[in-house]
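# Analysis of the macromolecular model
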Amino acid sequence: MPAAGLTKTAVELAPGVHWVGALDPHLRNFDIILKTANGTSYNAYVVRGEQGVAVIDTVKEEFADTFFARLESVARYDEITVIVLNHLEPDHSGALPELLRRAPQARVYLSSRAQMMLKALLKPTGEKAPEYIPVTTDDEVDLGGRTLRFLHTPYLHWPDTQCTYLVEDGLLFTGDIFGCHFCDARLFNDTVGDFRFSFEYYYAHIMRPFREYVLDAIALIEPLAINLIAPAHGPILRHAPRDYVHRYRELATPRLFNEARSEKTLVIFYISAYGNTRRMAEALAAGAEAIGGVRVSLYDLEGGESGIFTDLIEEADGLAFGSPTINADAVKPIWDVLSSLTTVNVKGKLGAAFGSYGWSGEAVRLIEDRLRGLKMRVPLEGLRIKLVPDAGELEECRSLGEQLARHLTGQMKNREIDLAALA
Ligand code: FEO
């Protein structure tokens with residue numbers, strides 16, 4: 001294995017700029033939700049100027065010894081004037097308390113949200129608190145002949161996140177942005193193994209829910225002259241770094257053909273044991289279609305897998321879910337879709353639930369709870385129908401579809417609550 005895997009010396013990115021991170025090749029699961037087939041890396045960096053040294057991010061606490069060994073190979077602690085925190089998640093801030101003890105003179109540059117979060121991360125020790133400098137886009141710190149300029153890029157993927165640009169060298173330190181869980185001691189994107197799947201997987205699971213913020217960040221990054229992108233995980237992107245910026249823009253841009261630009265979209269998912277919930281779904285769809293301006297799509301989850309609907313869900317304005325109740329619960333294909341929604345932003349979308357039941361009919365309420373938990377709007381009470389829907393009950397389903405369509409097209413008046421009646 002090349003040098004970074006076997007030694008604890010820093011790796012040069014440019015004269016006076018070094019990687020001082022740590023490799024974690026045996027990790028197989030990150031933050032519970034991400035598979036890491038060949039581990040990950042925690043990338044931290046050192047930038048030397050004529051009047052000081054900056055450390056950008058640290059590593060997970062258990063790898064602190066490696067980080068400090070690499071740091072000591074290129075700088076003394078009393079030279080460190082600046083610590084930049086691009087992101088506070090413990091995989092990048094784990095060695096921070098010890099770094100602050102070893103370099104107490106350093107000023108800490110971070111976003112204002114990070115400063116608030118840091119209070120919870122660094123419990124009071126009785127030692128003198130470091131000097132924190134909240135920064136935002138275009139704020140700079142001069143290291144002497146080298147300038148660090150900050151970019152405010154929040155919610156990628158925590159509220160605190162920011163990027164740091166080394167102006168004279170065109171190096172961009174991006175935290176988790178453009179990162180991936182891919183451990184390879186060769187470090188650079190033009191020397192490591194093929195990590196494309198990991199880059200895409202990381203985006204889909206970490207950045208995708210925040211795609212509007214991705215586009216805001218890309219708008220700040222695209223005008224920069226970039227020679228190298230140094231993320232906090234995975235390969236350092238020195239070959240064609242701008243390709244990765246372009247890819248992020250592609251990934252964050254809506255993916256479906258936009259035929260329905262002038263229409264609202266309602267997607268109805270259902271699954272049906274004996275055809276009763278299916279008849280409800282069809283009636284609901286017919287009701288929604290009767291109201292102009294809504295494109296309605298109907299899917300039986302018995303014939304699909306939850307993953308293939310992700311783009312559709314992300315683009316939809318409204319989502320309705322129909323499930324029978326079996327063993328006092330909604331059925332698994334419905335939960336598979338509902339659990340997959342953590343990777344897309346459905347906040348504010350219109351939601352509804354319906355279903356046929358035999359005894360107790362809990363599925364509809366459970367689905368509604370989940371939709372509300374995802375911060376969707378659920379203004380209409382879900383429809384539960386015992387066993388076989390009759391003509392009148394199908395008319396209720398149709399009416400629910402009509403009301404959903406009216407909500408989507410702005411034809412539904414907000415409910416007025418008479419406070420006196422509540423007293
Ligand atoms: Fe790599 Fe969000 O921590």
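These figures come from a predicted structure and were not determined experimentally. (Residues numbered from 1 in each chain as written. Predicted model: local features only at pLDDT ≥ 70, side-chain atom pairs only at ≥ 80, totals over all residues. Heavy atoms only, no water.)

### Things to note about unusual backbone geometry
The amide bond that connects Leu156 to the next residue, His157, takes the cis arrangement and shows omega of 10°. Here the phi dihedral of Ala240 falls at roughly 50°; this positive angle occurs in a residue that is not glycine. Turning to its location among the elements, Ala240 is positioned in the loop between strand S16 (228-231) and helix H8 (241-252). (Helix = DSSP H or I, 4+ residues; strand = E, 2+ residues; numbered from the N terminus.)

### Here we look at the packing of aromatic side chains
One pass over the full model with this rule turns up 17 aromatic pairs. Taking 5.0 Å as the distance between ring centres and 75° as the angle between the ring planes, the aromatic pair formed by Tyr203 and Tyr248 counts as edge-to-face. With Tyr203 in helix H6 (residues 196-207) and Tyr248 in helix H8, this residue pair connects regions lying 45 residues apart in the sequence. On the accessibility criterion, Tyr248 (1% relative accessible area) is buried. Pairing Phe269 with Phe321 gives two aromatic rings, centres 5.6 Å apart and planes at 25°, and the pair type is stacked. Taken together, the residues Phe269 in strand S17 (residues 264-270) and Phe321 in strand S19 (residues 318-322) connect sequence positions 52 residues apart. Exposure class is identical for Phe269 and Phe321. Each is buried. Every member of this aromatic cluster is reached through a ring pair, and the members are Phe178, Phe182, Phe195, Phe197, Phe199, Tyr203, Tyr244 and Tyr248. The cationic tip of Arg102 hangs over the ring face of Phe68; the distance from NZ or CZ to the ring centre is 4.0 Å. The residue whose ring lies beneath Arg384 is Tyr357, and the NZ or CZ to ring-centre distance is 5.1 Å. (Phe/Tyr/Trp six-rings, centres within 6.5 Å; stacked < 30°, edge-to-face > 60°. Buried < 20%, exposed > 50% of the residue type's maximum accessible area, 1.4 Å probe, protein only. Lys NZ or Arg CZ within 6 Å of the ring centre and 35° of its normal.)

### Topic: the nonpolar core
Membership of the largest hydrophobic core comes to 64 residues, with the highest contact counts inside it found for Phe67, Leu71, Ile80 and Phe178. Ignoring sequence-local partners within four residues, the contact set of Phe67 consists of Val20, Ala44, Val55, Asp57, Thr58, Val59, Ala95 and Leu99. (Core = buried A, V, L, I, M, F, W, Y, C linked by side-chain atoms within 4.5 Å. Contact = heavy atoms within 4.5 Å.)

### What to know about empty space enclosed by the protein
Within this structure, the stated rule accounts for one cavity of 30 Å³ or more. What lines the largest cavity is Lys35, Thr36, Ala37, Asn38, His181, Phe197, Ser198 and Tyr201. Within the lining of the largest cavity, the residues separate by chemical class into three nonpolar, four polar and one charged. (1 Å grid on protein atoms, 1.4 Å probe; cavity = no way out; pocket = protein on both sides within 12 Å on 5 of 7 lines; lining within 4 Å. Points joined across faces, edges and corners; volume = space filled by probe spheres on them. Nonpolar A, V, L, I, M, F, W, Y, C, P; charged D, E, K, R; others polar.)

### Focus on the domain arrangement of the protein
According to the domain assignment, the protein consists of domain 1 (11-252) and domain 2 (264-408). Taking only C-alpha atoms into account, the centre of domain 1 sits 42 Å from that of domain 2. Facing the six residues of domain 1 at the interface are eight residues of domain 2. Roughly 570 Å² of surface becomes buried between domain 1 and domain 2 when both sides are summed, with 35% attributable to carbon and sulfur atoms. When the buried surface of domain 1 facing domain 2 is broken down by residue, Arg208, Pro209 and Arg211 rank first, second and third, together holding 83% of it. The interface formed by domain 1 and domain 2 includes four salt bridges. For Arg211, the salt bridge is made with Glu315, and the minimal N-O distance between the two is 3.2 Å. Our enumeration of links across domain 1 and domain 2 arrives at four residue pairs in polar contact (both at pLDDT 80 or more). Breaking the side of domain 1 that touches domain 2 down by element, the ones donating at least two residues are H6 and helix H7 (211-221). When the residues that make up the side of domain 1 that touches domain 2 are grouped by side-chain class, the tally is two nonpolar, one polar and three charged. (Domains from an automatic or database assignment. Buried area = accessible area lost by both parts, 1.4 Å probe. Salt bridge = Lys/Arg side-chain N within 4 Å of Asp/Glu carboxyl O. Polar contact = N/O pair within 3.5 Å; in protein donor to acceptor, adjacent residues only side chain to side chain.)

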